[in-house]
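Letter by letter, the chains look like this.
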Amino acid sequence: MRNLILYVFIALGFLVKAQEINKTIDQRVQLYLKEMTLEEKVKMLTRNNSSWSYGGCERLGIPAFTCHDGPHGVRDDLRTTAFPTTVARGAAFDRDLSYRLGVAEGKEFKALGWNMRLGNCVDVNRHPLYGRASESAGEDPFLCAEIGTANVLGTQSTGTIANLKHFILNTREDRLTRKNNQAIIDERSLIEIYGYPFKEAIQKGNAWSVMTAHSRVNGLHSTDNPYVLDTLLRDYFGFRYFVLNDWSSVSDVINQGEGSVADVLNAGHDLETNSTNYKEKLADEVRNGNVTMDRLDEAVGKVLRVLLLSGIIDGQTSPNRNDLYSENTKKLVLEGARKSLVLLKNEANILPLTKNKSIALIGPNAAKLPIDGRGSGHVNPIYTVTPLEGITSIAPGVRLNYAKGCDINSESKAGFTQAIEAAKNADVVVFVGGLDETQEGEALDRLSKTVQLPGVQQELIKELAKVNKHVVTVIISGGICALGESIGQIQGMLYAFY
């Protein structure tokens with residue numbers, strides 16, 4: 001009897017596949033919806049045994065699909081490429097570069113077996129202490145839109161699903177309040193400033209998915225906000241595909257008493273990531289009449305449409321391990337890093353340095369290379385090259401004296417003496433400071449609570465300048481660091497985003 005049931009299921013799958021020949025995508029979607037049971041439809045909107053695997057209907061030949069974090073490379077247990085951050089891409093002002101980086105990122109996701117990239121970030125950063133500054137191209141909506149749209153087009157050219165985040169007004173990352181941030185905003189500002197990059201990436205980039213933000217907009221959480229998800233996203237911007245939530249935000253809505261599973265789905269949200277509220281309650285909400293079958297079909301249909309457009313259902317997304325950190329990707333990442341560097345000051349043409357100069361290399365980021373803030377954007381890089389290693393490699397004959405001098409954000413001056421001695425005996429001082437993952441990132445707005453370069457870094461720069469006027473400062477960070485106290489003592493200044 002069990003074998004007979006199995007044969008019937010297989011026969012039904014072949015029947016559906018046969019019926020799909022010469023059908024449009026929308027017709028194929030309707031065909032699947034007609035054949036699916038209620039439970040199978042709910043499964044299409046919920047996680048499997050992993051937070052990185054979703055949906056699937058084996059009976060009808062629909063595979064499960066996978067996703068992973070990755071604003072700046074695949075956040076995987078394996079080592080992967082650390083791509084230039086979004087703020088670095090903004091600093092490069094190069095659409096073509098952002099597109100080519102998107103292609104390389106899409107290929108690496110596929111190479112590791114991931115179907116969807118959670119991390120085409122188009123947030124507009126209007127807060128100077130925003131912890132996820134590295135995930136935004138900056139404060140200008142047009143720049144964010146141009147860089148983001150190009151990146152989406154590149155990612156999806158590989159068949160990898162792009163995911164726009166975070167919709168909308170994800171503007172603070174305080175650990176205690178990030179899931180309850182309240183944004184009161186007028187419609188024009190919401191559309192023309194914070195919504196504009198999303199609109200462009202949807203209308204010009206045809207982005208296949210959108211992630212809701214943890215923030216509240218004019219009273220309601222983004223994940224169960226009909227104005228945000230239906231009026232703004234679908235009616236105004238014309239988004240046709242599926243919405244998923246930032247991790248745990250469906251549970252946040254329910255646990256805070258703001259709404260039910262039915263309220264979330266009816267507000268325009270589709271796929272639940274990470275948590276299992278849909279899996280446990282959605283079928284009953286439909287049976288009880290709190291969610292109509294039409295609304296459920298609408299949500300499932302959006303997911304199916306993307307799986308067809310991307311080629312996942314038709315088996316066009318097989319991994320190619322040769323795309324994992326290829327030589328072309330290596331060259332591209334180096335190009336992106338170089339183009340993102342910003343020269344802010346160059347008195348007496350101190351830069352570029354000549355190889356016959358002796359160098360005192362000083363600072364908390366001189367012998368390490370921070371590649372991003374903390375959180376879901378961080379990757380485990382295949383390798384890094386620190387400033388100390390890089391200078392040693394490119395100029396092996398140069399006389400180089402390294403001293404850390406100080407920490408990123410500490411009041412200790414214990415390392416000053418060694419650093420000052422090194423500066424006295426060098427032709428030029430190169431101070432490499434800024435921020436790192438201990439100072440900013442997901443759930444961490446700027447730890448120092450100021451835009452000033454934190455700790456005693458500026459004090460050390462001034463002390464170095466007293467004994468050697470040829471000071472070059474390199475700042476590595478996501479969020480901007482101000483050097484108002486020390487800029488007068490600096491001859492050369494290079495801003496080097498993660």
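So, here is what we can say about the structure in this document. Keep in mind it's a predicted model, so treat the numbers as computed, not measured.

All chains considered together, the criterion is met by 8 aromatic pairs. With centroids separated by 6.0 Å and ring planes inclined at 80 degrees, the aromatic side chains of F239 and Y241 adopt a geometry described as edge-to-face. In this structure, F239 and Y241 share a single accessibility class: buried. Ring pairs connect the aromatic residues Y54, F65 and F242, which therefore count as one cluster.

Another aspect to go through is the sheet that holds strand β5 (residues 182-183). Sheet strands line up and pair through hydrogen bonds in the backbone, either parallel or antiparallel. On the basis of which strands lie adjacent, the open sheet formed by 3 strands has the order β5-β7-β8 and mixed pairing. The sheet is open, and its two edges are formed by β5 and β8 (220-221), each paired on a single side. Pairing between β5 and strand β7 (residues 216-217): 2 bridges, direction parallel. Residue pairing across strands places Q182 opposite R216, the latter belonging to β7.

Residue position: I408 is located in the loop between β12 (400-403) and α16 (416-424). Taking the relative accessible area as the measure of exposure, I408 reaches 6% and is therefore buried. As a C-alpha pair, I408 and L324 span 84 residues in sequence and 33 Å in three-dimensional space. With residues up to four places along the chain from it excluded, the contact list for I408 reads P364, N365, G434, L435, D436, Q439, P454, G455 and Q457.

It is worth spelling out the nonpolar core at this point. Counting 74 residues, the largest nonpolar core has L45, I62, L164, F167, I168, L282 and L304 as the members making the most contacts within it. Setting aside anything within four residues of it in sequence, one finds I62 in contact with Y32, M36, M44, G56, C57, L304, L307 and I313. Grouped together as the second largest cluster of nonpolar side chains are 45 residues, I359, V429, F431 and V432 included.

Turning next to the pattern of salt bridges. In the structure shown here, the tally under the stated rule is 37 salt bridges. Salt-bridge contacts for E105 lead to R89; the nearest nitrogen and oxygen are separated by 2.6 Å. One end of the pair, E105, is in helix α5 (residues 95-111); the other, R89, is in helix α4 (residues 86-92), with 16 residues separating them in the sequence. E298 is the salt-bridge partner of R295, the closest N and O atoms lying 2.8 Å from each other. Within this pair, R295 and its partner E298 are both found in helix α13 (residues 293-309), separated by 3 residues, close to a single helical turn. The exposure class assigned to R295 is buried, which follows from its relative accessible area of 10%.

Here the focus is the sheet that holds strand β10 (residues 342-346). In spatial order, the strands read β10-β15-β14-β13-β11-β12; together these 6 strands make up an open sheet with mixed pairing. Across the chains shown, the open sheet's two edge strands, defined by having one partner strand only, are β10 and β12. Strand-to-strand twist in this sheet, taken as the mean axis angle between neighbours without regard to direction, amounts to 15 degrees. As judged from the 4 bridges shared by β10 and strand β15 (residues 492-497), these two strands associate in the antiparallel manner. Bridged to N346 within β15 is G492.

The next point concerns helix α6 (residues 141-156). An α-helical turn contains 3.6 residues, so a residue and the one three or four places further along point in the same direction. Spanning 16 residues, α6 covers 22 Å between terminal C-alpha atoms, matching the ideal 22 Å at 1.5 Å per step. With 14 of 16 residues buried, α6 lies mostly within the body of the structure. At the N-terminal end of α6, a side-chain oxygen is found 3.1 Å from the backbone nitrogen of F142, two or three residues along, and the residue is D140.

It is the contact of α16 with helix α17 (residues 457-467), at a shortest axis distance of 9 Å, that shows an interaxial angle of 35 degrees. As α16 runs across α17, the sense of the crossing is right-handed. Taking contact as the criterion, the partners of F416, A419, I420, A423 and K424 in α16 are, on α17, E459, L460, E463, L464 and V467. Here the residues of the contact of α16 with α17 are counted per class, giving 7 nonpolar, no polar and 3 charged.

Let us look at unusual backbone geometry. Among all residues except glycine, the phi angle is most often negative; among peptide bonds, the trans geometry is most common. Residues K165 and H166 are joined by a peptide bond in cis, for which omega reads 5 degrees. Among the structural elements, H166 can be located in strand β4 (residues 161-167). In this structure, the amide linkage connecting L351 to the following residue, P352, adopts the cis form with an omega of 0 degrees. The topology assignment puts P352 in the loop between β10 and β11 (359-362).

Here the focus is the state of the cysteines. Enumeration over the complete set of coordinates arrives at 0 disulfides. Counting only cysteine sulfurs, C121 is the nearest neighbor of C67, a cysteine outside any disulfide, at a range of 14 Å. A relative accessible area of 1% places C67 in the buried class.

Attention now goes to the packing of α5 against helix α14 (residues 327-340). Orientation of α5 relative to α14, taken along the N-to-C sense of each, is 140 degrees, at an axis distance of 10 Å. In terms of their interaxial angle, α5 and α14 are classed as oblique. The two elements α5 and α14 meet at a crossing, and its hand is left-handed. Contact with α5, carried on its side by L97, R100, L101, A104 and E108, involves T329, L332, E335, G336 and K339 of α14 and no other residues of that element.

Calculation notes
- Residues numbered from 1 in each chain as written.
- Predicted model: local features only at pLDDT ≥ 70, side-chain atom pairs only at ≥ 80, totals over all residues.
- Heavy atoms only, no water.
- Phe/Tyr/Trp six-rings, centres within 6.5 Å; stacked < 30°, edge-to-face > 60°.
- Buried < 20%, exposed > 50% of the residue type's maximum accessible area, 1.4 Å probe, protein only.
- Pairing = 2+ DSSP bridges.
- Helix = DSSP H or I, 4+ residues; strand = E, 2+ residues; numbered from the N terminus.
- Contact = heavy atoms within 4.5 Å.
- Core = buried A, V, L, I, M, F, W, Y, C linked by side-chain atoms within 4.5 Å.
- Salt bridge = Lys/Arg side-chain N within 4 Å of Asp/Glu carboxyl O.
- Axes fitted to C-alpha atoms, helices over the stretch in contact; angles between N-to-C directions.
- Expected span 1.5 Å × (residues − 1).
- Polar contact = N/O pair within 3.5 Å; in protein donor to acceptor, adjacent residues only side chain to side chain.
- Left-handed = near helix turned anticlockwise from the far one by under 90°.
- Nonpolar A, V, L, I, M, F, W, Y, C, P; charged D, E, K, R; others polar.
- Disulfide = S-S within 2.5 Å.
- Parallel < 35°, antiparallel > 145°, perpendicular 65-115°, else oblique.

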